[in-house]
Amino acid sequence: MGESAQARGRCVLLQLFLFLCVFFPIGSSFSFGGRGIGINYGRLGSNLPPPDIAAKLIATSRIKHVKTFDMDPFLIQAFTKTNITLSLCIPDEELPALSTDPTRADLIVERSILPFIHTTKISSISVGNEVSMIPDLAPHLLPAIKNVYNSLKKFKIHKRIKVSTTHSVSVLAIRSPPSHGIFQDSIAGPIMKPVLTFLNKTQSPFMVNLYPYLTYKETTEVPLDFALFTAKPNLYYTDPNTSLVYTNLFDILVDALNAAAASLGFNNLTLVVTETGWPTNGHANDYAASLQNAKLFNQRLIKHVMRVPVLGTPMRPGVPVMVYLFALFDENLKVGEPTENHWGLFYANGSKKYELGVEKHGVLRRTELARGENKFSLL
């Protein structure tokens with residue numbers, strides 16, 4: 001590396017260090033029964049720093065939780081002795097073979113877990129990402145999960161590392177009112193109930209990717225302020241069945257998922273929001289996707305889930321929610337809508353997009369909401 005490149009590297013390192021120190025001043029030990037803010041670390045970019053550099057940059061902050069999208073030993077190695085807890089993911093394409101061949105699970109554990117078990121904090125493994133709605137993969141889901149769990153049990157580390165899978169919020173057939181949340185008929189019985197039965201038995205987390213931005217874009221009934229956590233006190237939603245009051249879309253989606261799980265008999269699963277965030281750019285006419293709105297959403301989300309005392313959701317008051325923001329970097333190789341390339345908190349060159357801030361804030365008590373006027377309804 002030449003002198004100018006070294007200088008640029010030091011500049012990027014300093015920028016990331018300063019950003020992360022501001023962004024993640026709250027450190028908490030990981031517990032699926034606890035709360036915290038994590039970050040998704042995706043690598044679908046042509047010019048992103050390698051894992052060892054990214055890990056060192058993250059380690060300079062007080063962030064303690066990172067979620068990945070693969071089981072790459074090179075990536076896991078980068079987080080050894082960093083005091084950062086990893087949530088790993090087995091890629092979707094592995095599921096068919098993994099579901100029928102237990103030795104495949106042993107190979108994954110032997111390659112990506114055992115070499116790091118004493119030096120790296122690994123909290124969980126997601127078997128697949130949003131495959132419960134994919135007909136070709138969903139039938140392989142539970143057998144693959146069980147084979148991974150059995151492999152961890154074989155090596156006596158199943159109590160240290162939980163096994164689950166990550167769902168999309170599209171598993172819901174009904175999202176509002178949240179008390180009526182139910183899963184899609186096509187997967188409720190054959191997919192979701194067996195998977196949730198396993199999670200309940202093993203005390204593993206119910207992992208869901210949940211994006212208020214996407215829900216806002218799908219409907220005309222939700223005000224933008226309500227999705228951004230910036231609604232005024234007189235703008236709220238009352239569940240007509242429970243009279244519970246909601247001041248933001250995030251809580252509605254979380255409680256709809258809680259209600260859907262309860263409809264199948266699971267009332268105490270620990271829900272982890274494995275992805276959420278807001279894009280900083282998109283289509284030319286997508287005024288919701290902006291740097292300012294992304295800043296507002298992420299700032300307010302952090303305050304919301306890290307409140308003291310724990311606020312929880314209207315359906316589960318006082319129950320904390322673990323949240324992983326999406327994502328660490330912009331990823332220019334992702335395909336799909338223009339927003340796909342603009343979810344990062346950093347640009348690919350390592351410069352921060354905006355300050356998140358962690359200043360103290362007041363708590364709006366739910367009893368105060370009764371004085372307001374319900375401005376909208378959700379369909």
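About the thresholds
- Residues numbered from 1 in each chain as written.
- Predicted model: local features only at pLDDT ≥ 70, side-chain atom pairs only at ≥ 80, totals over all residues.
- Heavy atoms only, no water.
- Patch = residues over 30% accessible without salt bridge, like charges linked within 9 Å, V, L, I, M, F, W, Y side chains within 5 Å.
- Areas by Shrake-Rupley, 256 points an atom, 1.4 Å probe, with all protein chains shown as cover.
- Salt bridge = Lys/Arg side-chain N within 4 Å of Asp/Glu carboxyl O.
- Lys, Arg positive; Asp, Glu negative; His and termini not counted.
- Charge placed at Lys NZ, Arg CZ, Asp CG, Glu CD.
- Helix = DSSP H or I, 4+ residues; strand = E, 2+ residues; numbered from the N terminus.
- Buried < 20%, exposed > 50% of the residue type's maximum accessible area, 1.4 Å probe, protein only.
- Expected span 1.5 Å × (residues − 1).
- Contact = heavy atoms within 4.5 Å.
- 1 Å grid on protein atoms, 1.4 Å probe; cavity = no way out; pocket = protein on both sides within 12 Å on 5 of 7 lines; lining within 4 Å.
- Points joined across faces, edges and corners; volume = space filled by probe spheres on them.
- Nonpolar A, V, L, I, M, F, W, Y, C, P; charged D, E, K, R; others polar.
- Core = buried A, V, L, I, M, F, W, Y, C linked by side-chain atoms within 4.5 Å.
- Polar contact = N/O pair within 3.5 Å; in protein donor to acceptor, adjacent residues only side chain to side chain.
- Phe/Tyr/Trp six-rings, centres within 6.5 Å; stacked < 30°, edge-to-face > 60°.

Asker: Explanation requested: a positive patch on the surface in the structure shown.
Answerer: A cluster of like positive charges, contributed by Lys-146, Lys-153, Lys-159 and Lys-201, occupies part of the molecular surface. Relative to the helices and strands, Lys-146 resides in helix α6 (residues 138–154). Given the relative accessible area of 41%, Lys-146 is considered partly exposed.

Asker: When you look at α6 in this model, what are you seeing that I'm missing?
Answerer: An α-helical turn contains 3.6 residues, so any two residues separated by three or four positions project in the same direction. Between the first and last C-alpha of α6 there are 25 Å, a value that for 17 residues agrees with the 24 Å anticipated at 1.5 Å per step. Of all the positions in α6, only Ala-138, Leu-141, Leu-142, Ala-144, Ile-145, Asn-147, Val-148, Tyr-149, Ser-151 and Leu-152 are classed as buried. Here the buried face of α6 lies against β3 (85–90), α4 (95–100), α5 (102–112), β4 (121–129), β5 (162–168) and α7 (185–202).

Asker: Sorry if this is basic, but what is going on with empty space enclosed by the protein here?
Answerer: The gaps of empty space that remain are located by a probe, the size of a water molecule, rolled over the atoms. Tallied over the full model, the rule gives two cavities of 30 Å³ or more. Taken as a whole, the second largest cavity spans an internal volume of roughly 70 Å³. Lining the second largest cavity are Phe-250, Asp-251, His-304, Val-305, Val-310, Leu-311, Gly-312, Thr-313, Val-319, Pro-320 and Val-321. Of all the elements in the fold, those that place two or more residues in the lining of the second largest cavity are α10 (249–263) and α11 (291–305). For the lining of the second largest cavity, the residue count by class is seven nonpolar, three polar and one charged.

Asker: It is not clear to me how the pattern of salt bridges should be interpreted in this structure. Could you clarify?
Answerer: Oppositely charged side chains can form a pair if their charged atoms are brought close together. Across all of its chains, the model carries nine salt bridges by this definition. In this structure, Asp-72 engages Arg-43 in a salt bridge whose closest nitrogen and oxygen atoms are separated by 3.2 Å. On the criterion of sequence distance, the pair formed by Asp-72 in the loop between β2 (65–67) and α3 (73–78) and Arg-43 in the loop between β1 (36–40) and α2 (51–59) is long-range, its members being 29 residues apart. Put simply, Glu-94 and Arg-104 hold a salt bridge, and the shortest N to O gap is 3.5 Å. Separated by 10 residues along the polypeptide, Glu-94 in the loop between β3 and α4 and Arg-104 in helix α5 bring together distant segments of the chain.

Asker: Help me understand the nonpolar core in this model?
Answerer: The tendency in soluble globular proteins is for nonpolar side chains to be buried as a group. By size, the foremost hydrophobic cluster in this structure holds 102 residues, and its most contacted members are Phe-79, Ile-113, Phe-183 and Phe-206. At nine residues, the largest contribution of residues to this core is made by α10. With near-sequence residues (within four places) excluded, Ile-113 lies in contact with Met-71, Leu-88, Ile-108, Ile-122, Ile-125, Ile-157 and Ile-161.

Asker: In this structure, what is going on with the side chain of Lys-67? I would like to understand it.
Answerer: Mapped onto the secondary structure, Lys-67 falls in strand β2. There is a polar contact of 2.8 Å between the side chain of Lys-67 and the side chain of Asn-40. In this view, Lys-67 contacts Ile-39, Asn-40, Tyr-41, Ser-87, Thr-166, Thr-274, Glu-275 and Tyr-324; residues no more than four positions away in its chain are not counted.

Asker: Before we go on, may I ask you to explain the layout of surface pockets in this structure?
Answerer: By volume, the largest pocket amounts to about 660 Å³. Together, 28 residues line the largest pocket, and Phe-69, Asn-129, Glu-275, Phe-326 and Lys-334 are the ones closest to its centre.

Asker: Can you help me understand the packing of aromatic side chains in this one?
Answerer: The relative placement of two aromatic rings is captured by the distance of their centres and the angle of their planes. Within this structure, the stated rule accounts for 13 aromatic pairs. When the ring of Tyr-41 is compared with that of Phe-79, the centres are 6.4 Å apart and the planes differ by 65°; the resulting orientation is edge-to-face. Here the residue Tyr-41 occupies a position in the loop between β1 and α2, and Phe-79 occupies one in the loop between α3 and β3, the gap between them amounting to 38 residues. Residue class for Tyr-41 comes out buried when judged on its relative accessible area of 1%. With 5.5 Å between their ring centres and 50° between their planes, Phe-229 and Phe-297 make a pair best called tilted.

Read these as layout, nothing more, since geometry by itself doesn't imply function.
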